[in-house]
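Observations on the model geometry
The lines below spell out each chain.
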Amino acid sequence: MIIYISGYGRSGSTALDAVLGNHPLIFGCGELMWLFHNLAKNSSCSCGKALRDCPLWSRIAREIKNNSEINSWEEAAKISGRNDIRKIGGKPSVEYKQLWAVAFQAIKDITGKEFIVDSSKSNHIGWRRISNLHSVFQKEFKVLQLVRDPRAIMWSMSKGTNKSLTKKESSPSFLRGIRGVISWTVSNSLSEYVLKNSAPESLVIRYEDIMDSPQQSFDMLGAFLQLDLQELSDKVQAKDEFN
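Here goes a summary of the coordinates provided.

Calculation notes
- Sequence order as written defines residue numbering, which begins from 1 separately in each chain.
- Per-residue local features of the predicted model are confined to residues with pLDDT of at least 70, and side-chain atom pairs are confined, for both listing and counting, to 80 or more; whole-chain, interface and lining totals are unaffected and use all residues.
- Hydrogens and water molecules were not included; the side-chain quantities draw on all heavy atoms of the structure.
- Buried, partly exposed and exposed residues are distinguished by accessible area as a fraction of the type maximum, computed with a 1.4 Å probe on protein chains only: under 20%, between the cut-offs, and over 50%, respectively.
- Each helix is a run of DSSP H or I of at least 4 residues and each strand a run of E of at least 2, with the numbering of both proceeding from the N terminus.
- Here a strand pair is declared whenever DSSP counts at least two bridges between the two strands.
- By nonpolar core is meant a set of buried Ala, Val, Leu, Ile, Met, Phe, Trp, Tyr and Cys residues that side-chain atoms within 4.5 Å join together.
- Contacts are assigned to residue pairs with any non-hydrogen atoms lying within 4.5 Å of each other.

Looking now at the pairing of strand β4 (residues 141–147). A large share of β4 lies buried, amounting to seven of its seven residues. Here β4 shows no split at all, with Phe141, Val143, Gln145 and Val147 on one side and Lys142, Leu144 and Leu146 on the other all buried. Bridge count for strand β1 (residues 2–6) against β4 is five bridges, and the pairing is parallel. Within β4, the residue paired with Tyr4 across the bridge is Val143. The pairing of β4 with strand β5 (residues 201–206) spans six bridges and is parallel.

Among the five residues that make up β1, five are buried, leaving the element largely enclosed by the rest of the structure. The side-chain alternation of β1 yields two buried faces, one formed by Ile2, Tyr4 and Ser6 and the other by Ile3 and Ile5. Strand direction decides the pairing type here: β1 and strand β3 (residues 115–118), joined by three bridges, are parallel. Residue pairing across strands places Ile2 opposite Ile116, the latter belonging to β3.

Here the focus is the nonpolar core. With 38 residues, the main nonpolar core has Leu35, Phe36, Trp57, Ile64 and Trp100 as its most contacted residues. Only β1, α2 (35–41), α3 (57–66), α4 (73–86), α5 (94–111), α6 (129–137), β4 and α9 (174–198) provide two or more residues apiece to this core. At nine residues, the largest contribution of residues to this core is made by α5. When sequence neighbours within four positions are dropped, the list of residues in contact with Ile64 reads Leu35, Phe36, Ile70, Trp73, Leu99, Val102, Ala103 and Ala106. Within the second largest apolar cluster, 22 residues are counted, among which are Leu20, Leu146, Leu203 and Val236.

At Asn42, a residue that is not glycine, the phi angle is positive and equals roughly 55 degrees. Relative to the elements of secondary structure, Asn42 occurs in the loop between α2 and α3. According to the relative accessible area criterion, Asn42 is partly exposed, its value standing at 24%. With a phi close to 65 degrees, Lys121 is a non-glycine residue in the positive phi region. In this fold, Lys121 is placed in the loop between β3 and α6.

Here it is as structure tokens:
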């Protein structure tokens, strides 16, 4: 089962991905849309090593290479990008569908997890990814549309860019906050459009509800995913650390 987190950045998708990834049957991958791009660049993994040297992702990468027809990660990135980012209208290519079918199967096989979380979201760059992946996995694909109060998005965006905040550098900008709200509107509108037209099974969940009513939110999530998420709910309520 693929669990796709859609919505706009700064909405808590990274946190939700990490929380769900603490369930014994779930593996949180982050933004998989950039997997092949990051493998081509050999970007850093969260473990601190280069992606192709990571004990986990190096095995997944090897499994993908062994079971697909790609000759390089640059080729894989182009196939994925042409369909997720550049293509307007129409269905994803056969090579795209084959590539991502192999990729997700490799992740499942290497991690031993039944549920894979892809938190690539639904911004203006890769909004087609939802319908593309749904065409590959059909009933084995569910979408969580994560929505956060736009006022919180504006406040978060006005504080600084992702890069500056990572470096703990302050670069406040009211204009950036305004652009963030506009992007939030576009992103969630695109998500609703794709969900309506491609019709994967989906659930809208508010970031504020998860924070204010974790028990109710995780009960709803658990029913949607048909999983017992009580342990995750307990940890959120107790404000325990997650791996």
